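The primary structure of each chain is shown beneath.
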Amino acid sequence: MYFWRIAVAKYIASVLVIFSLYLSVFIYLMRMEGKFEYANVINGVYWLVCTVTTVGYGDITFSSDAGKLFSILVQLSGIPLVFGLLFTWLLIPWMEKTVRPAIPIKVSEKLNDHIMICGYNKLVETLIEELQEKNVPYIIIEDDDKLVRTLIKRNISCIFGSASEETALKNAHIDTARFLIANKSDEINATIVLTARAMSEVNIIAIVENVSNAKYLKYAGANRVLSPKQLFGDFIGRKAADPFVGRLTGTTEFFEGVSIVEFPIYPKSSLMGKTLRSAAIREKTGANVVGIWNGGKLTYDVSPNERIRVNSVLLAIGTMEQLSRLKRLTQEYQGINNGENV
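Residues numbered from 1 in each chain as written. Predicted model: local features only at pLDDT ≥ 70, side-chain atom pairs only at ≥ 80, totals over all residues. Heavy atoms only, no water.

Quick look at the environment of R178
By secondary structure assignment, the location of R178 is in the loop between α6 (166-171) and β4 (179-182). Under the relative-accessibility criterion, R178 is labelled partly exposed at 33%. Taking C-alpha positions, R178 is 10.0 Å from E201, a pair spaced 23 residues apart along the chain. If we skip the residues at most four places from it in the chain, R178 touches D113, H114, I115, V136, V202 and N203. Among the polar contacts made by the side chain of R178, one reaches the side chain of D113 at a distance of 3.3 Å. (Helix = DSSP H or I, 4+ residues; strand = E, 2+ residues; numbered from the N terminus. Buried < 20%, exposed > 50% of the residue type's maximum accessible area, 1.4 Å probe, protein only. Contact = heavy atoms within 4.5 Å. Polar contact = N/O pair within 3.5 Å; in protein donor to acceptor, adjacent residues only side chain to side chain.)

Following this line, the structure appears as structure tokens:
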């Protein structure tokens, strides 16, 4: 609403400046043509409104070439000014804000002993499913209103707000929360952790993008810092390990029953050469791929069109059962799964 008011103010100011300029030119040209009875503000405003809105009664007109050219200019500029900017910048956005239902900014007073998740992405998607299955209360705080509306349609509990601000954390009942997960950029996470720690003794888990920033998040007050990128580094260090190991290595528990694991793609895997969309990993295993290493490049913003290659390494999150199914999928047709439990 604030930005809409700013847009309205700018639009009105622009129209007033343009109209004032046109009014001055109108009065000048009328005097130049000797039509002094029309050369005043009232007639000028009347002529401008008639011309800009293309009504054109024709009772006040110019006879000189300069006056006619000025009339053409006002007519052509009036169409986008009124019908373009007015509708595009003001009326349509205002109607959208009025018609669309309001998004929630505060949780129910009954919510307590819940998980606060600051920021939504694929990294927490499996976690949310697990929480829903176990009936563990949770709330997502997200500052993207379109994303909030999408999540609400999917029956995912969320509110609109900036998790780095006290108001949003209060609205999410940080004082009665079980713990908080900071899942934005490292800079924003640091602010979230500092703000949350100043308000509550809640347990805080921070997801870090750059491993070197982990210590700062701990200094800010995070109880635990998880780094998906570090998991990849650990895997590279074990790259030469025996590929016939049957257990899941490099497992980091993200939440009770939910872990993050890295998976190399073996040469004869059925996933080889497929895109993530055609591989349908989530549909087949229930696990979510939240990162992929291709050709020495690590990507967290995973596209469904990303192709799985011989040197690919998948970073996936899910329950141990889901991750075990994914492990078998990455080794399928090679016969190296020895049937050991995770």
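Picking up where we left off.
Describing helix α4 (residues 125-133)
E125, T126, L127, I128, E130 and L131 are the residues of α4 that are buried. Phi for N135, located one or two positions after α4, is positive at around 55 degrees.

A word on the nonpolar core
Counting 53 residues, the largest nonpolar core has M116, I117, I140, I141 and L180 as its most contacted members. When residues no more than four places from it in sequence are discounted, the contact partners of L180 are M116, C118, L169, I174, I192, A196, V202, N203, I204 and I205. If you look at the next biggest cluster of nonpolar residues, it comprises 17 residues, including L271, A287, V289 and A316. (Core = buried A, V, L, I, M, F, W, Y, C linked by side-chain atoms within 4.5 Å.)

Remarks on the pairing of strand β11 (residues 313-318)
Most of β11 sits inside the fold, with six of its six residues counted as buried. Neither face of β11 is open: one carries V313, L315 and I317, the other L314, A316 and G318, and all of them are buried. Bridge count between strand β8 (residues 258-264) and β11: six bridges; the pairing is antiparallel. Within β11, the position partnered with F263 by the bridge is L314. Across five bridges, strand β9 (residues 288-294) lies against β11 in antiparallel orientation. Among the inter-strand pairings, G291 is bridged to a residue of β11, identified as L315. (Pairing = 2+ DSSP bridges.)

Quick look at the pattern of salt bridges
Pairing is possible between side chains that carry opposite charge, provided their charged atoms lie close to one another. The tally for this structure, following the rule as stated, stands at seven salt bridges. A salt bridge links K35 to E33, with the shortest nitrogen-to-oxygen separation between them at 3.4 Å. Neither residue differs from the other here; K35 and E33 are each classed as buried. In this structure, K184 engages D143 in a salt bridge whose closest nitrogen and oxygen atoms are separated by 3.3 Å. Of this pair, K184 sits in the loop between β4 and α7 (186-199) while D143 sits in the loop between β2 (138-142) and α5 (145-153), and the two are 41 residues apart along the sequence. By relative accessible area, which is 40% here, D143 ends up partly exposed. (Salt bridge = Lys/Arg side-chain N within 4 Å of Asp/Glu carboxyl O.)

Some details on a nonpolar patch on the surface
Taken together, V41, V45 and V49 make up a surface patch of nonpolar side chains, about 230 Å² in accessible area. Counting through the fold element by element, V41 comes out in helix α2 (residues 41-52). On the accessibility criterion, V41 (48% relative accessible area) is partly exposed. (Patch = residues over 30% accessible without salt bridge, like charges linked within 9 Å, V, L, I, M, F, W, Y side chains within 5 Å. Areas by Shrake-Rupley, 256 points an atom, 1.4 Å probe, with all protein chains shown as cover.)

Let's talk about the packing of aromatic side chains
Applying the stated criterion across every chain yields a total of seven aromatic pairs. For the ring pair W47 and F70, a centre distance of 5.5 Å and an interplane angle of 15 degrees mean the geometry is stacked. Taken together, the residues W47 in helix α2 and F70 in helix α3 (residues 65-99) connect sequence positions 23 residues apart. F70 sits in the buried class, given a relative accessible area of 7%. Grouped by ring-pair contacts, the aromatic residues Y22, F26, W47, F62 and F70 constitute a single cluster. (Phe/Tyr/Trp six-rings, centres within 6.5 Å; stacked < 30°, edge-to-face > 60°.)

A look at the confidence of the model for the protein
Per-residue pLDDT for the protein has a mean of 80; in total, 79% of the residues score no lower than 70. For the protein, per-element mean pLDDT is lowest for helix α9 (residues 228-237), which scores 55, and highest for β2, which scores 95. Considering only residues more than four positions removed or in separate chains, one finds that residues 238-247, a stretch of pLDDT under 50, has 13 contacts. Under a pLDDT of 50 for its full length, residues 334-342 has, in the predicted model, 15 contacts with residues more than four places off or in other chains. (pLDDT = per-residue confidence, 0-100.)

A few points about the environment of I140
As for its position among the elements, I140 is in strand β2. Here the alpha-carbon distance between I140 and I117, two residues 23 residues apart in the chain, equals 4.7 Å. For I140, the residues in contact, after removing those within four places along its chain, are I117, Y120, I128, L151, I156, S157, C158 and I159.

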